[in-house]
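# Observations on chain architecture
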Amino acid sequence: MTTNVGRADRMLRLVGGFHVAGLGLTMLTDIWAYVAVGIGVVLALTALVGSCPAYTILGLNTCRRRISGA
C-alpha cells in the first residue's frame, strides 16, 4: 500500500472523520447514525494509514512529490 494522502488532506480527513462520527453518535438516529459513524471511521482510518483506496482507483495523489537527487 503506497501513501497517497498528503499531510493537509490527512488532517482534514482526521478532523472531519471525528466530527462526522461524533454527529452520528450524538445527534442522529436510526440508520443515519450508523452511516455517519461508518463514514467517520473510514475517514479517520484513511488519515491514520495515509492511503486511500478511492484515490488509488481514481489515480489521485495529494502527497508532495519527492525530487530525486535533492
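As the structure is a prediction and not an experimental result, all values here were calculated from the model.

### Structural notes on unusual backbone geometry
If a residue is not glycine, its phi is most likely negative; likewise, a peptide bond is most likely trans. Despite not being glycine, D30 shows a phi value in the positive range, around 60°. Summarising the element assignment, D30 is placed in helix α2 (residues 30–49).

### Some words on α2
Helix length check: α2, at 20 residues, gives a terminal C-alpha distance of 29 Å against a target of 28 Å (1.5 Å per residue), a fit within 8%. Taken together, the buried positions of α2 are A33, A36, G40, A44, T46 and A47. Buried residues in α2 make contact with α1 (7–26) and α3 (53–58). Trailing α2 by a residue or two, G50 shows a phi angle of about 85°, which is positive.

### Here we look at a nonpolar patch on the surface
Together, L23, M27, L28, I31, W32, Y34, V35 and I39 make up a nonpolar patch on the protein surface, roughly 880 Å² of accessible area in all. Counting residues per element, the nonpolar patch draws most heavily on α2, at five residues. Within the secondary structure, L23 sits in helix α1.

### Comments concerning the side chain of S51
Here S51 is to be found in the loop between α2 and α3. Taking the relative accessible area as the measure of exposure, S51 reaches 7% and is therefore buried. Looking at S51, its side chain comes within polar contact range of the main-chain oxygen of T2, at 3.1 Å. Sequence-distant contacts of S51, defined by excluding residues within four places in its chain, comprise M1, T2, N4, V5 and T46.

What counts, and at which threshold
- Residues numbered from 1 in each chain as written.
- Predicted model: local features only at pLDDT ≥ 70, side-chain atom pairs only at ≥ 80, totals over all residues.
- Heavy atoms only, no water.
- Helix = DSSP H or I, 4+ residues; strand = E, 2+ residues; numbered from the N terminus.
- Expected span 1.5 Å × (residues − 1).
- Buried < 20%, exposed > 50% of the residue type's maximum accessible area, 1.4 Å probe, protein only.
- Contact = heavy atoms within 4.5 Å.
- Patch = residues over 30% accessible without salt bridge, like charges linked within 9 Å, V, L, I, M, F, W, Y side chains within 5 Å.
- Areas by Shrake-Rupley, 256 points an atom, 1.4 Å probe, with all protein chains shown as cover.
- Salt bridge = Lys/Arg side-chain N within 4 Å of Asp/Glu carboxyl O.
- Polar contact = N/O pair within 3.5 Å; in protein donor to acceptor, adjacent residues only side chain to side chain.

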